[in-house]
Amino acid sequence: MKKPYDLIIIGWIFLSNVLMDSYLIFANPHYALKLFGTSFTGIGGWIAKIQSPILHGFIGIGFLKQKRWSYLLYMAYAAFGLINAFANLYLLGYGRIRIIFIISLMVITLYIY
């Protein structure tokens, strides 16, 4: 059986994002993540921010182990990310990082699809 090296690489990228996301969260504790144009502070803000490394970890492990649930989790996470990014684009206006995120997420999602 041939190994899906592309999914293995994507899985490792997601796992590396756990470290990067965690570092960014702890290095910038006052940054308030924008969800659908709204910023959350306090415990709500931490919950909103910490979901990213947790989901990246689950998706990465699932891709490495080639589990079907990881595909569904990724697609749901990508759909949420795109809806949120387009809502923020509409509500908050143009942002270079926001546009790069939208384009890269669509390209990666189309590849995984």
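Reading guide: rules and limits
Numbering of residues begins from 1 in every chain and follows the order in which that chain's sequence is written. Whole-chain, interface and lining totals are the exception, using all residues; otherwise, since this is a predicted model, local features are given only for residues with pLDDT of at least 70 and side-chain atom pairs are given and counted only at 80 or more. With hydrogens and water set aside, each side-chain value is computed from the structure's full complement of heavy atoms. Comment: elements are numbered from the N terminus, with helices defined as DSSP H or I runs of at least four residues and strands as E runs of at least two. When accessible area is computed with a 1.4 Å probe and restricted to protein chains, residues below 20% of their type maximum are described as buried, those above 50% as exposed, and intermediate ones as partly exposed. Each accessible area value is a Shrake-Rupley result obtained with a 1.4 Å probe; residue values ignore everything except the protein chains displayed when judging cover. The pairing test for Phe, Tyr and Trp rings, Trp by its six-membered ring, is centres within 6.5 Å, and the orientation test on the planes gives stacked under 30 degrees, edge-to-face over 60, and tilted for anything in between. Should the NZ of a Lys or the CZ of an Arg lie within 6 Å of a ring centre and within 35 degrees of the ring normal, that charge is described as sitting over the ring. By nonpolar core is meant a set of buried Ala, Val, Leu, Ile, Met, Phe, Trp, Tyr and Cys residues that side-chain atoms within 4.5 Å join together. A contact between two residues is defined here by any heavy atoms of the two lying within 4.5 Å. Like charges are joined within 9 Å and nonpolar side chains (Val, Leu, Ile, Met, Phe, Trp, Tyr) within 5 Å, but only among residues with over 30% relative accessible area and no salt bridge; these make up the patches. Put simply, a salt bridge is a Lys or Arg side-chain nitrogen that is within 4 Å of an Asp or Glu carboxyl oxygen.

K.L.:
Help me understand the overall build of the chain in this model?
P.N.:
A tally of regular secondary structure across the chain gives 4 helices and 2 strands. The linear arrangement of helices and strands in the chain, starting from the amino end, is α-β-β-α-α-α. C-alpha atoms of the chain, sized along the principal axes, occupy 50 × 25 × 20 Å. The buried share among the 113 residues of the chain stands at 32%. Working note: accessible area of the chain is about 7,800 Å², and carbon and sulfur atoms make up 73% of it.

K.L.:
Explain the packing of aromatic side chains to me, please; I cannot follow it from the model alone.
P.N.:
To describe a pair of aromatic rings, you give the distance between the ring centres and the angle between the ring planes. Across all of its chains, the model carries 5 aromatic pairs by this definition. Aromatic side chains F14 and F63 sit 6.0 Å apart centroid to centroid with 80° between the ring planes, which places their arrangement in the edge-to-face category. Taken as a pair, F14 in helix α1 (residues 5-27) and F63 in helix α2 (residues 42-64) lie far apart in primary sequence, 49 residues in all. Like F63, F14 is buried. Between F26 and W46 the ring centres are 5.6 Å apart and the planes differ by 45°, which places this aromatic pair in the tilted class. In this pair, F26 sits in helix α1 while W46 sits in helix α2, placing the two residues 20 residues apart along the sequence. Since its relative accessible area comes to 31%, W46 is described here as partly exposed. Following the ring pairs from residue to residue traces out a cluster consisting of F14, F63 and Y74. Its guanidinium or amino end placed over the ring of W46, K49 lies 4.8 Å from that ring's centre, counting from NZ or CZ.

K.L.:
Please explain the nonpolar core as it appears in this structure.
P.N.:
For soluble globular proteins, nonpolar side chains are generally found buried alongside one another. In this structure, I10, F14, I59, F63, Y74, L105 and I112 are the most contacted members of the largest nonpolar core, which totals 13 residues. No other element matches the 6 residues that helix α3 (residues 68-92) contributes to this core. Excluding residues that lie within four positions of it along the chain, F63 makes contacts with L7, I10, G11, F14, S70, Y71, Y74 and I112.

K.L.:
Just to check I follow, could you spell out a nonpolar patch on the surface for this structure?
P.N.:
Taken together, F26, I43, W46 and I47 make up a surface patch of nonpolar side chains, about 460 Å² in accessible area. On the accessibility criterion, I43 (66% relative accessible area) is exposed.

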